[in-house]
Structure formats: structure tokens, C-alpha cells
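Coordinates in review
So you can see what is in the structure, the chains are spelled out below.
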Amino acid sequence: MKMWIGGTLAAAAFALAMPVIAGQATGAKAGNFRVNDATGKVIELEQFRGKTVVLEWNNPGCPFVQKHYTSGNMQNTQAAARKDGVVWLTINSGAPGKQGYMTGPEALKFVKEQKSNASYYLLDPKGVVGKGYGAKTTPQMFIIDKTGTLVYQGGIDDKATAKVADIASATNYVTAALSEMKAGKAVSIRESRPYGCSVKYSDVS
Amino acid sequence: MKMLRFAIMTLLSLLLGTQAHAQAQPTHIKPALIAESVVPAAGGIVTLALAMKPDRGWHGYWKNPGDAGITPEFNWTLPAGVTAADAEYPVPHRLMLAGLMNYVYEGDYAHLITLTLPAGLAKGTKLPIQLAADWLACTDQVCVPESGTMAIELVVGDGTIDAGRKGQFDRWRALLPRPLGSEGRFEVAGGNFRLGVPLPASATLGEVYFFPLTDGAIDYAAPQTVRRDGDMLTIEVKAAGAAGELKVIDGVLALDKDKGLALKALPGKVSAAGAIVGPADTGRMEGAGGLAGTLLASFGAALLGGLLLNIMPCVFPILSLKALSLARSGGHETAARREALAYTAGIVLVCVGLGAALLGLRAGGSAAGWAFQLQDPRVILFLLLLVSAVAFNLAGLFDFASLGFGNRLAAQGGTTGAFWTGALAAFVATPCTGPFMGVALGAALVLPPIAALTIFAGLGLGLALPFLALGFIPALRKRLPKPGAWMERFQRILSIPMFVTALGLAWILGRQAGVDGMAMGLAAALVLGLALWWIGRRQSHGDGRNWLALAPAAAVAMAMILTVSPAPKASAGAPAAGILAAEPFSEARLAALQQEGRPVFVYFTADWCLSCKVNEKAAIQRQEVADAFAARRVAVLVGDWTDGDPVIGRFIESHGRSGVPLYLFYKPGGAPEILPQVLTPERLTALAV
């Protein structure tokens, strides 16, 4: 049972109970998941096989997320990736009642206001996808290549601060990895330490 | 001159302000930059503190924040030549939120920063110091990045430190991890990270936890298993993905809350052997199943031991008396049961109470053993008088039943009386426990507190068992002999073991307080006996209420109890009881010894420092060293840094070391020679030539 299979909604009934925050091994096949997006559409990771997929953990109330959205850094990174045919999934694993939790309409409002360029905004209020991927902070980034292999996990960049001013001098790990993949090269930095707020999972596991 | 300097200092600090609060908007963690000395000396150092005060419910982060959060940042603006060392962090606490581990400070805390001043600055030179700090303040729900800019102005002076401020800084210093000195080893195997830390087997442990500074070594949220195998402490925890690639790991090993050792570990073999140390106790146990087994066996042994105690000379008469009174009461079913239960409650409560007091003493660091209360001659004297009174009563000198107390005892079915009889039996029984109880009580001392108390309760239960049986099994009660004239004779005979107990106690008193103490105790017993005899006389004349006669006797006894003191022991008081007589270190004592023109050997040690202990055993506490030192009148001072005494810490630092071991040798009138950290007896004997 190396493959991790999770899900919500229809899949929730047979989803594996994941009380502990597990995680995915870099270089191994990324676990599939199936969740609703902000419009209610069911999105499955498997459906993007053949395309590079970026996962971005999001909490609009978190100052570290705000650092990258108010500066436009996240949107620019999304736009550049989408231009190269990358699928960008923004995921919110905040539990109801916790900071950053959003209903579908609220998430759509966030996407519109922030001019997000993500392909889909996914809602994971039970934290099944978040815990399955070992997402600990917002923001936290994952890159899955065309074959479904996890090639990067970690922070958006190497400046672990909440200051917008630090973005200019920071190395954006996602941009770097995507351009290496585009050039047919191996990703040089495959893991980094994510930084930011803790993912606001539900207290009951 | 002193007054003048004080006045100037006060004025200076008033003018300059000795601390600066962050301006701008209020933050959830309030910072303040404080200097230990506002008049630091040129070419010297000065410690600054960034004192952080989180609002209720908020926390700040350690250097490694854990699963989320960020490291605080400090940006200094300093005058030319002044340098700031990295900020030091106190030992953090753990905060688990929804499965994510945070390394935090939930109460007030302080970062300490050492500034170094260049030499050659003229006195009175102003040194404006500015700090821009960024930190993350969080509750269990939200996080707010905060920042503050603080400025203070120092003036080059003589480095005077205000006593109150020094005390405050020392309290902050005590919360910093102390450098362990020796290196640890780590191994990643089977998905687990194992850290081995050399730590003396004798070092006491509280809540042990390894806080890694190096990221990517461990799964922060995973539970840590702590083992101890002799002088090696190991921590095992789920490894992080790439832990195997790490070349070195830094971290803080917390030995208890707010107490930690800073250490570095290199890759190497780490044994998985050793007894698991419980998560929140100082004792060791053999795993969960083993604990239950140990507990059951020890409880059984304690029960049996308690049962055997009933035939000991100190307990048997008391039990017999209770049994007889039960027989006398005619066998009222409910009364007998109530009495038996009260007696049991008295015994068990006293046993558990003594046990709890013992565990408390041990937790406080004292090496108390069972029957610790018998190490105090005052307690022995009290027991001697009590046992004498009981013996005189049994011998017929006076009658207990005519006591108001005794009458009530009969009237009420004796519940209260039975309780106190039980308490008395348990208290008096403690000197007799030794031979039977050694194993069970030995086990109790290394078990978790609740389990240990269960064993003490078992001892009490065993002691109470015969009487409990009498109370609850009417058939047994029926087999008690019918009351009659023989009972009086039996009572007289029972007085003999009681007198024997009193004799034993007098002997113990003699051992503890010398011949004078023993004579005092016996005199007190005599006065008591006379008073009781007088009461007995009055009783036989029908005046059973005149207990005033006891007042002078009680006064004498009380005076004796208060005055008796342990006899001075031949060789006690040396902190490191060993071959080498050593005095506790203080700078004043060191100066005094140097004044006398004596050579002085000073060594600093700590219970958690393995190399210290090895040196002490192999090189310092040796006969040849003691002889050589004695021949040359070398004085020995020992400084114990186990609890991080800041005075010792400063002294060690002033000799260019950050921790123990430190060995110094002062030749008369000379500067100290710092000896190597690995000592040999030859190296030490060579000093005294």
C-alpha cells in the first residue's frame, strides 16, 4: 500500500483515516486525491497526468500568504507557470472555524480579488489532502511532473520572513524548478524548508 | 568617592534611560532592550537583553520554530568597532497544535546578546546602540509578524553593574542551555533517528526532550523515546526524510522544563540499549509491560512484608490490644467492621503519607531512604516517649480506658480511636520495616510516583490485614478467647516487647545524638513515667480526670525534643565526599586562601557532565593526589554547576571557557594555570611539588 489514496465527499467514506500528518517522499509517485474546487466541481490529481502540476497551500488570513499575494509574487509565479502549460492547484486545508477557512463562494471572491492565476482553488476542510501531503505551513509548495512523480516540496522561496521587501532578493524555488524541468534537466533543489503559518487543521483528527 | 560615583551612576541612568521600548504600534509581544551595564568598559564586553513579554495566549518562537513559524531576526546598528554576538535563546517549550509541533515561549523570555567593545575608547564616549528586530507572534489560531526598533545609549565607563540588574540578568542566564562540552553521536536507521548523548548515570532527569536546531533531522511532531544505559542517554524519534545526509546536528537537550544542554552530534553508531525513561518522571522502568509486572510483584512483596510486621515487637502489642478491645466489645457486627476499616484507614494513610513525604524529599534532591524520619533524633525521642507511655500503660502503671478519650472510644464503637491506633501502629512500625521491605521499597523509589505510592499503600494494607480479617470474619472473632482475668496478665506480658522497642529506640537515639542525647531521652522518659505513675495513683483513688500532672512532664519532654541535636559526625559536610577534602567554591574563599599563601586547586563540575565525573574518579579523588596535596597544604575548592549557578558561570567564562569541566591551579601569588580537560593523577601530583 505504497500509494496513498485519499478523498473527500464521495470518496470520504473509504478514505484512509490519516490522523497523523504523514507526507510524500520526493522522487516517488505522488498520491492521488479527489476534492471539490470552489465551484463544487470534483477535481482529481490523476486527471492531469501528462501535465506538470503545482500544489500551493493557501490561507488568506496568514501574513506569509499575504506577503506573496499583496506583492503579486504568487500571481506572477502562477502566470509564468500557466503560460508553460502547468496546472496550478491552490489548496485550502483550513478547518471550519479556523483562520482562513472559506466556503466555495468566499474562495471564488478571494480568487477574483487577488487576481489569482491558479487553475483551480480546492477546498480541503477536513485536511485529508493536506495531511496526506504533509503540508505544514502556508504557503507550502509541491511540484509533480508529467509522470506523476513528486519532484519538489518546500517553501516558495529561500527568505523565511514576512517582509515583502525580501522577495526581490529571494530565490523562488518553484520558478527555478519549473524552468529546469522545462529545459529537460533534473530539479536541483528538490526539498526546502517551508515557512509561514501552521496549516489550520481541525483539532479532532 | 563611592557616594559620588553612585550619584553619577544614578543620574546617568536617569538621563539616558537604561532600557528602550519599541516605538510605533503596540505588538502582541512587547520587546525591551536592556543593558546589564550602561557604563561598559572599553575593551570589555557588555550583555544586552531583548526582553520579550507576550500577551496572554500569545507565544514567540525559538531559533528553530518547529513545523511552522519563523526564526526571529536581529539587525544591529552599532558604533564602529563594537560587535554583537549571535543572540542566545533560552530553552524553549513545546506547543502541539492540530498535529503540528511548535517550539515556543509562552511566558516572558529574553534573548541575551553579548557586545564586545574595542579597546582604547575614552571614558565618557557615547555608544548609541540600535536594534531592529523581527519576530512572529502567534496564538493557537493566528500569527502576526511583528517588528520593533529599539535604541539605547551606552557610555564608556568602568563596567559597573547595578546589583538588581545583575540579579535579573542572572535569572535570564539561568534559562539558557549550558554547553555540554562533549559531543553526541547520531544514527539514522530504519526510518528512526537515534541520538546518543554522554550523560552521567547519576544525573537526575525530568521531562527529557531533544530540540534540534538543525532542520531536517527529525519529525518534530513525533514522540521521542528516551533511554538510559549507564553513562549514555539516547533519544529515538522518527527521522525526517533526508536525515541520513546530515553531517552534523546541533540542538538543545532539555533535561527538564527550562533546563537544557546545548550540544553538537556527529554521525556514528548509537546503541538502542537501555531502560526507557518515563516521559514525566525521574525513575526508570523496563517498558510498559515490565512496569505492570514490577508493580504487581512489588505490591505483593509489600503486602507480605506488612503482614509480617504484625509480629514485630513494635507492632504486636498494639495489634493485640486492638484485637482484645474488639473481643471485649462483644462482637457487634457493624461496630467491628467500622472499627476495622478505621484502623486500616489510619495505617494506610500514614504509610502513604510517609511514602509521599519520602518521594518529595527525593525529588528535592535529598538522598532519603525509607524510615527517613528516623534519621532525626527529635523524631526518635518523640517515639521513645510514646512507646514508653504505651509500655507503662500495658504494665499497668495507669489506665488508658479512664482517659476521656478512652471512654469515648468505647462509647462510639471506637472509630476515631481505631483510626489513631492504626496511625500509631504504622508510625511505630517503620523502624522494623527494613529487613522485610528492602526489595519492595527499593523498587518503589525508582517507579513513577503513583506506582510507588501504591506500594506504600500495599505495605499499610498488609499491616492492617489481620485486624481487617478479625473485623469482617465473625468466625475468626468468635475464636478469640473469652474476656477474663487472663487479659490483664496478658497485657502485662505484652508490655515487655514494648519496653524492648523503647530500649531499641534509646539505642538509636544514642547513636544519633551521643551519650548526652541518650541520657536526656532517658531522663525525659523517667519524668514521663513518674507523671504517669502519679496519674495512675489518682486513678486508683477514683479521680480519673486529673491529667494536669502530665503538663510538667510534657513540658520537660518538649524541651528535650527541641534541644536534642545530632552529634557532629567525624567526616561530613564535604560536598564531594571523597578522599580529597574539598570546600565549596566561592571567590571570597579563593581570595582568602591565596591571602594565606596556600596553593589552591579549583575544579568545576556538574552532575550531567560525564568527563567531569570521569576525571574525578580517575584523577582527582585518588589517594596519591590527596597525599601530595596534603603534604604541600594545597587547598581544594569545588564549584558545582549542575543548576547553572550564574556566579560560577561568570567565573568560568572569565577563564575563557563556556562550561565545565574547568580545572585551575593557583600557585601562591601567581596567575592561575588552566589545566587540561583530561586529567591524570600524575598531572595533579606534579602540581604539588
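What counts and how
Residues numbered from 1 in each chain as written. Chains lettered and ligands numbered in written order. Predicted model: local features only at pLDDT ≥ 70, side-chain atom pairs only at ≥ 80, totals over all residues. Helix = DSSP H or I, 4+ residues; strand = E, 2+ residues; numbered from the N terminus. Buried ≥ 20, exposed ≤ 12 C-beta atoms within 10 Å, placed from the backbone. Contact = placed C-beta atoms within 7 Å. UniProt positions renumbered as here; feature names shortened; annotations may be inferred. pLDDT = per-residue confidence, 0-100. Nonpolar A, V, L, I, M, F, W, Y, C, P; charged D, E, K, R; others polar. Pairing = 2+ DSSP bridges. Axes fitted to C-alpha atoms, helices over the stretch in contact; angles between N-to-C directions. Core = buried A, V, L, I, M, F, W, Y, C linked by C-beta atoms within 7 Å. Parallel < 35°, antiparallel > 145°, perpendicular 65-115°, else oblique. Left-handed = near helix turned anticlockwise from the far one by under 90°. Expected span 1.5 Å × (residues − 1). Bend = angle between axes of the 7 residues up to and from the residue.

All right, on to the overall build of chain B then. A tally of regular secondary structure across chain B gives 17 helices and 26 strands. Looking at chain B residue by residue over its 689 residues, the buried ones come to 40%. For chain B, the share of sequence-separated contacts (at least 6 apart) that also reach a separation of at least 24 residues comes to 78%.

We now examine the overall build of chain A. A tally of helices and strands in chain A yields five helices and nine strands. Going from the N terminus to the C terminus, chain A shows its helices and strands as β-β-β-α-α-β-α-β-α-β-β-β-α-β. Intrachain contacts of chain A at a sequence separation of at least 6 include 77% that bridge at least 24 residues.

The next thing to look at is the UniProt feature "transmembrane region" (unreviewed entry) in chain B. All names here are of chain B. Mapped onto this numbering, the UniProt entry annotates "transmembrane region" (unreviewed entry) at residues 295-319, 340-359, 379-405, 417-444, 450-473, 493-511, 517-535 and 547-565. Along residues 340-359, the helical share is 100% and the strand share 0%, with 28 Å between the first and last C-alpha atoms. Spanning residues 517-535, this segment combines 100% helix with 0% strand, and its end C-alpha atoms are found 27 Å apart.

A few words on the confidence of the model for chain B. All names here are of chain B. Of all residues in chain B, 80% attain a pLDDT of 70 or more, and the chain-wide mean is 79. Of all the helices and strands in chain B, strand 21 (residues 284-285) carries the lowest mean pLDDT, 36, while strand 15 (residues 209-212) carries the highest, 96. For residues 280-289, every residue scores under 50 in pLDDT, and the model assigns this stretch 24 contacts once sequence neighbours within four places are set aside. Taken together, the stretch residues 401-412 has pLDDT below 50 and engages in six contacts with residues farther than four places along the chain or on a different chain. The ipTM for the predicted assembly is 0.82, set against a pTM of 0.60.

At the interface, 24 residues of chain A touch 20 residues of chain B. Looking at the side of chain A that touches chain B, its residues break down into 10 nonpolar, eight polar and six charged.

Take the sheet that holds strand 5 (residues 73-77) of chain B next. All names here are of chain B. One open sheet holds the three strands; their spatial order is 5-10-11, and the pairing between them is antiparallel. Edge positions in the sheet fall to strand 5 and strand 11 (143-155), since each has one partner strand and no second. Put simply, the sheet's adjacent strands are angled 15° from each other on average, direction ignored. One ladder, built from five bridges, connects strand 5 with strand 10 (residues 126-138); its direction is antiparallel. Considered in strand 10, the bridge of tryptophan 76 is made with leucine 131.

This part is about the environment of B:His28. Residue and element names in this part refer to chain B. Position of histidine 28 among the secondary structure elements: in the loop between strand 1 (19-21) and strand 2 (29-35). A count of 19 C-beta atoms within 10 Å places histidine 28 in the partly exposed class. In this structure the C-alpha to C-alpha distance between histidine 28 and leucine 136, which are 108 residues apart in sequence, comes to 9.5 Å.

Core analysis: the biggest nonpolar cluster contains 127 residues, and B:Leu50, B:Val636 and B:Leu637 have the highest contact counts within it. For this core, the element with the highest residue contribution is strand 10 of chain B, accounting for eight residues. Within the second largest apolar cluster, 42 residues are counted, among which are A:Val53, A:Trp88, A:Ile91 and A:Ile144.

Residues and elements named next belong to chain B. Viewed as axis vectors pointing N to C, helix 6 (residues 377-394) and helix 11 (residues 486-540) meet at an angle of 155°, and their least axial separation amounts to 5 Å. Accordingly, the angle class assigned to the pair helix 6 and helix 11 is roughly antiparallel. In the packing of helix 6 onto helix 11, the handedness of the crossing is left-handed. The residue makeup of the contact of helix 6 with helix 11, split by class, is 25 nonpolar, eight polar and one charged.

Time to look at the environment of B:Ile235. All names here are of chain B. Tracing the backbone through its elements, the reader meets isoleucine 235 in strand 17 (residues 232-238). Here the alpha-carbon distance between isoleucine 235 and phenylalanine 193, two residues 42 residues apart in the chain, equals 8.0 Å. Ignoring anything within four residues of it in the chain, the contact list for isoleucine 235 reads Leu195, Phe210, Gln224 and Val226.

So, on to the pairing of strand 16 (residues 225-229) of chain B. Residue and element names in this part refer to chain B. Of the strand pairs in this sheet, strand 16 and strand 17 are connected by five bridges, and their pairing is antiparallel. Along strand 17, the bridge assignment pairs arginine 228 with leucine 233. Hairpin remark: strand 16 followed by strand 17, antiparallel, with two residues in the connecting loop; positive phi at glycine 230, about 60°. Pairing of strand 16 with strand 20 (residues 275-277) involves three bridges; the strand directions are antiparallel. Bridge pairing in strand 20 places valine 226 opposite valine 277.

The next thing to look at is the sheet that holds strand 8 (residues 100-105) of chain B. Residue and element names in this part refer to chain B. In spatial order, the strands read 4-8-7; together these three strands make up an open sheet with antiparallel pairing. The sheet is open, and its two borders are formed by strand 4 (60-66) and strand 7 (93-97), each paired with just one other strand. Going across the sheet, the axis of each strand differs from the next one's by a mean of 45°, ignoring polarity.

Between A:Thr138 and A:Pro139 the backbone carries a cis peptide bond, its omega angle lying at -10°. The backbone of A:Lys115 shows a phi angle near 55°, a positive value even though the residue is not glycine. Mapped onto the elements, A:Lys115 comes out in the loop between helix 3 (104-113) and strand 5 (120-123). Its identity is not glycine, yet B:Asp258 carries a phi of approximately 65°, on the positive side.

Moving on: the pairing of strand 25 (residues 662-666) of chain B. Residue and element names in this part refer to chain B. In terms of residue burial, strand 25 counts as a mostly covered element, since four of its five residues are buried. As paired elements, strand 25 and strand 26 (residues 672-675) share four bridges and run antiparallel to each other. Paired with leucine 664 across the two strands is isoleucine 674, which belongs to strand 26. What sits between the antiparallel neighbours strand 25 and strand 26 is a turn of five residues, in which glycine 669 has the positive phi angle 70°.

A few words on the confidence of the model for chain A. Across chain A, the average pLDDT comes to 88, with 88% of residues at or above 70. Confidence over residues 1-19 of chain A falls short of pLDDT 50; this stretch has 33 contacts with residues more than four positions distant or in other chains.

A separate point is the environment of B:Phe398. Turning to its location among the elements, B:Phe398 is positioned in the loop between helix 6 and helix 7 (404-411). With near-sequence residues (within four places) excluded, B:Phe398 lies in contact with B:Phe392, B:Asn393, B:Leu532, B:Ile535, B:Gly536 and B:Gln539.

Looking now at helix 11 of chain B. Helix length check: helix 11 of chain B (55 residues) gives 20 Å between terminal C-alpha atoms against 81 Å at 1.5 Å per residue, more than 12% under. The sharpest bend along helix 11 of chain B comes to roughly 135°, located at B:Ala513.

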